[in-house]
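# Secondary and tertiary structure notes
Next come the chains, spelled out residue by residue.
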Amino acid sequence: MKVTVLAFGIAKDIFGASSVEVEIPGDTTAARLKAVLEQNYPRLSKLASYMLAVNNEYAGDDMHIKTGDEIALIPPVSGG
Amino acid sequence: MKVTVLAFGIAKDIFGASSVEVEIPGDTTAARLKAVLEQNYPRLSKLASYMLAVNNEYAGDDMHIKTGDEIALIPPVSGG
Amino acid sequence: MQPDWERYSCQMALPGFDEKAQQRLQDARILIVGAGGLGCPVAQYLTAAGVGNITIADDDAVSESNLHRQILYTPADIGSLKSVVACERLSLQNPQVKLSAITKRITSGNVSQLVNSNDIIVDCTDNFETRYLLNDAVVIAAKPLVYGAIYQFEGQVAIWNIVNADGSRSANYRDLYPQVDATQIPNCATGGVIPTLAGIIGCMQANEVIKYLTQTRELLAGKVLVFDAQTMQSRIIKLNNNNTVITSIQPTQEVGVIDAEIAKAGIADGSMQLVDIRTDQEHDEFNIGGMHFELDELADNLDTFDPQKSYVFYCSSGKRSAEAVKLMQEKLPQVKVYSLKGGVSTW
Amino acid sequence: MQPDWERYSCQMALPGFDEKAQQRLQDARILIVGAGGLGCPVAQYLTAAGVGNITIADDDAVSESNLHRQILYTPADIGSLKSVVACERLSLQNPQVKLSAITKRITSGNVSQLVNSNDIIVDCTDNFETRYLLNDAVVIAAKPLVYGAIYQFEGQVAIWNIVNADGSRSANYRDLYPQVDATQIPNCATGGVIPTLAGIIGCMQANEVIKYLTQTRELLAGKVLVFDAQTMQSRIIKLNNNNTVITSIQPTQEVGVIDAEIAKAGIADGSMQLVDIRTDQEHDEFNIGGMHFELDELADNLDTFDPQKSYVFYCSSGKRSAEAVKLMQEKLPQVKVYSLKGGVSTW
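Residues numbered from 1 in each chain as written. Chains lettered and ligands numbered in written order. Predicted model: local features only at pLDDT ≥ 70, side-chain atom pairs only at ≥ 80, totals over all residues. Heavy atoms only, no water.

### A closer look at the nonpolar core
Inside soluble globular proteins, nonpolar side chains tend to come together where they are buried. By size, the foremost hydrophobic cluster in this structure holds 124 residues, and its most contacted members are C:Met204 and D:Met204. Not counting the four nearest positions on each side in its chain, C:Met204 is found in contact with C:Val157, C:Leu225, D:Ile200, D:Met204, D:Phe227 and D:Met232. Ranked by size, the runner-up nonpolar core spans 63 residues in total, among them B:Met1, B:Leu44, B:Ala72 and C:Ile121. (Core = buried A, V, L, I, M, F, W, Y, C linked by side-chain atoms within 4.5 Å. Buried < 20%, exposed > 50% of the residue type's maximum accessible area, 1.4 Å probe, protein only. Contact = heavy atoms within 4.5 Å.)

Dropping the structure here:
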């Protein structure tokens, strides 16, 4: 299935866009989606950590992703 | 049908609660809902005007109300 | 980069915020109406960001109860005019900005000239009369108006009257609220306000001004943002197309004010009577006598007033009593009414 | 009401905000770490609202490029210590508040004592090292921490480590981001920041502090608010239960800094070499020579460095070059590295 991932912060630069579409297996987890994203965008894994939020909830590695879920990738932000 | 109306500003005082449930006919409009609310809470009509927002959209008098709609009553606010 | 633009380097590093954008800020003429809870942060951030010409209009003096949220003022400023103090302080913060104070009240007599001589107007007022006056004036003058309003924990923000792609104008305040009975809506003195809400909403207003002037991204046009500082939830409500017709400005209603000394003489000789229009709680804590109706109950008690007598309405500051006087002038024009200047503390 | 509480009357008029609530504000001891874009509005609004004891920690001096968003400072303050200037200015705003400046850097050596002597901590820092240091220290000390962070048009706010109903603690920063490679995340000097965002997020942090201390309503606990100042959309993201174990504080890494004069001598005698770690654009506009890698590319170019030599890393302020030095110390401990103190402008 296709899912759309909304990008925040530095992820916009990494994707080169404010959202990307990725193809993932039908019944999949947040961990699997992260792996696909990191394969397509290796700079993501260099951040050491980032948050995946699914329907405004923090996605632990084993959270399931369904068609129509709203997925946001929110990296850390340092400024003050 | 029963709808829940979320109250903002002075409407919280008028309702005595942050939301109220009201019974309205099945296929109804915003104007009809306003009339029912003003009958139950006469102080509402004294405000001269207030906004009814249905699913985060300003509800003109002829907008239809459906079961499950999120309805907010937002009165004017004067402070600065 | 201009040599004196080092102070703006961190905003000019933003994507889409180039030298032209900074130049547009520097060339802009902006009118901020109200230098209270909203006007303070609006003026502070627009001065910091280098908006070139800022006019601050407020005819009010600093009072002690302002200080919890009106962060440009100190206890030493109590009694001084807000617009003057604000301009003095902000001139130090950014000497590159030309700041001007207007200490007169904005009325139907001067609003058009003021609106016409500025590029964008910011509504930081604390009363419906001036809100409608500004709204109607900007619609007639075809200028944008950045709206903000607060009460207790809730605030609203929008930008009105922006040119749409088809040349029409986006919604204005009368599309949201065609008219309001001001005596029915409590203000911050009655219901209170959390100071940080003034900061959040004021900074959101300044943010719309910067986005408008620099032409960076989306505006709150055709929408209104409603924010709740208790839950931190905000919702953006889509408004209908602008369909309210505004062709003239309503004349500002004159409110007769009276000094405590003259009112005391009138009461002594029996020609005047006091009316407290504060809340029951305020009345019970302290009052200076006379009748008592809460402001929102006044319209239901008009038969109490004797056309042969004069009445002096009082509240804590003179704001609510002015609303009472306006209501009386409209409903019972034959009765002579005054608002006690400066409120009960001057008694 | 206490006679000197007239200034708080408009917040004490709020439902649920009684004299006890104001007394709790007055009795509170609060530590604000960082007096920059976030720290300025946080300190300003908490001072205005009457938080009794405010300590502001910042070891940085005011620079010109701070002034577009750090609204407590004027051009006359450039070069002065932020924490000292902020306390001076805020003492005038509310003489009832006891303000103290800490001009030392917060490190693993002093953080526990500082955290323990305050009731609530506000994270207004601009670097990951201090964010994690504060986070770990409050978890160990069982204190609440109000978090804020900004970049370009986006900000985040939360309150960490609040006692849940079952006695456990709500999520903390490591539940959101277990660790971060600081060289991979651009800061405001590189990517820019809109000044009004600092105001909005800072006021939201102050708002959480007031709600926590006065015990009025919901907190952003177990959640993080993500705000976008372009679209004005905000989302509140529910976090998982706190399950990160923190039992010790990581020692603060010492970064060797070097003055321009000593570095110049080292370069003249061939013992030192310069490395610019700013962006390509900054390098092209102006540089003082030497090698050039953007900070986030440094890790991929470690084989360039000669263990027999010493290197002086430079950026615009000394912040990014300090991150470069930390990375080098970790990856190539045998190479001698320094960060140019104060950045390229001191050359």
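### Observations regarding the confidence of the model for chain C
When pLDDT drops low, the exact placement of atoms in the prediction is not to be read closely. In the predicted model, chain C carries a mean pLDDT of 94, and the fraction of residues at 70 or more is 99%. Both scores are available for the predicted complex, with the pTM at 0.94 and the ipTM at 0.94. (pLDDT = per-residue confidence, 0-100.)

### With respect to the interface of chain C and chain D
On the chain D side, the residues contacting the 60 residues of chain C number 60 residues. Taking both partners together, chain C and chain D bury about 5,200 Å²; carbon and sulfur atoms supply 63% of that area. Our count for the contact surface shared by chain C and chain D stands at zero salt bridges. For the interface between chain C and chain D, the tally reads 15 residue pairs in polar contact (both at pLDDT 80 or more). Of all the secondary structure elements, the ones that give two or more residues to the side of chain C that touches chain D are helix H1 (9-12), helix H3 (39-48), helix H4 (82-93), helix H8 (188-191), helix H9 (195-214), strand S7 (223-228) and strand S8 (234-238) of chain C. In terms of residues, the side of chain C that touches chain D owes the most to one element, H9(C), which gives twelve residues. Considering only residue class, the side of chain C that touches chain D consists of 34 nonpolar, 18 polar and eight charged. (Buried area = accessible area lost by both parts, 1.4 Å probe. Salt bridge = Lys/Arg side-chain N within 4 Å of Asp/Glu carboxyl O. Polar contact = N/O pair within 3.5 Å; in protein donor to acceptor, adjacent residues only side chain to side chain. Helix = DSSP H or I, 4+ residues; strand = E, 2+ residues; numbered from the N terminus. Nonpolar A, V, L, I, M, F, W, Y, C, P; charged D, E, K, R; others polar.)

### Examining the UniProt feature "domain: Rhodanese" (unreviewed entry) in chain C
As annotated in UniProt, the feature "domain: Rhodanese" (unreviewed entry) corresponds to residues 268-347 of chain C in the numbering used here. Helix makes up 25% of residues 268-347 of chain C and strand 21%, with an end-to-end C-alpha separation of 14 Å. (UniProt positions renumbered as here; feature names shortened; annotations may be inferred.)

### Some words on the packing of aromatic side chains
Within the structure shown, the criterion is met by 18 aromatic pairs over all chains. Each ring, one from B:Phe15 and one from B:Tyr41, has its centre 4.6 Å from the other, and the planes form 50 degrees; the classification is tilted. Of this pair, B:Phe15 sits in helix H1 (residues 10-15) while B:Tyr41 sits in the loop between helix H2 (30-40) and helix H3 (43-46); the two residues are 26 residues apart in sequence, bridging distant segments of the chain. Positioned over the ring face of A:Tyr50 is A:Lys34, at 5.1 Å from the centre of the ring. Here the guanidinium or amino end of C:Lys264 rests over the ring plane of C:Trp347, the centre of that ring lying 5.3 Å away. (Phe/Tyr/Trp six-rings, centres within 6.5 Å; stacked < 30°, edge-to-face > 60°. Lys NZ or Arg CZ within 6 Å of the ring centre and 35° of its normal.)

### Remarks on the environment of D:Ile194
Residue and element names in this part refer to chain D. Checked against the element boundaries, Ile194 lands in the loop between helix H8 (188-191) and helix H9 (195-214). Take Ile194: its relative accessible area is 0%, and that puts it in the buried class. Note: C-alpha distance between Ile194 and His68 (126 residues apart in sequence) is 8.8 Å.

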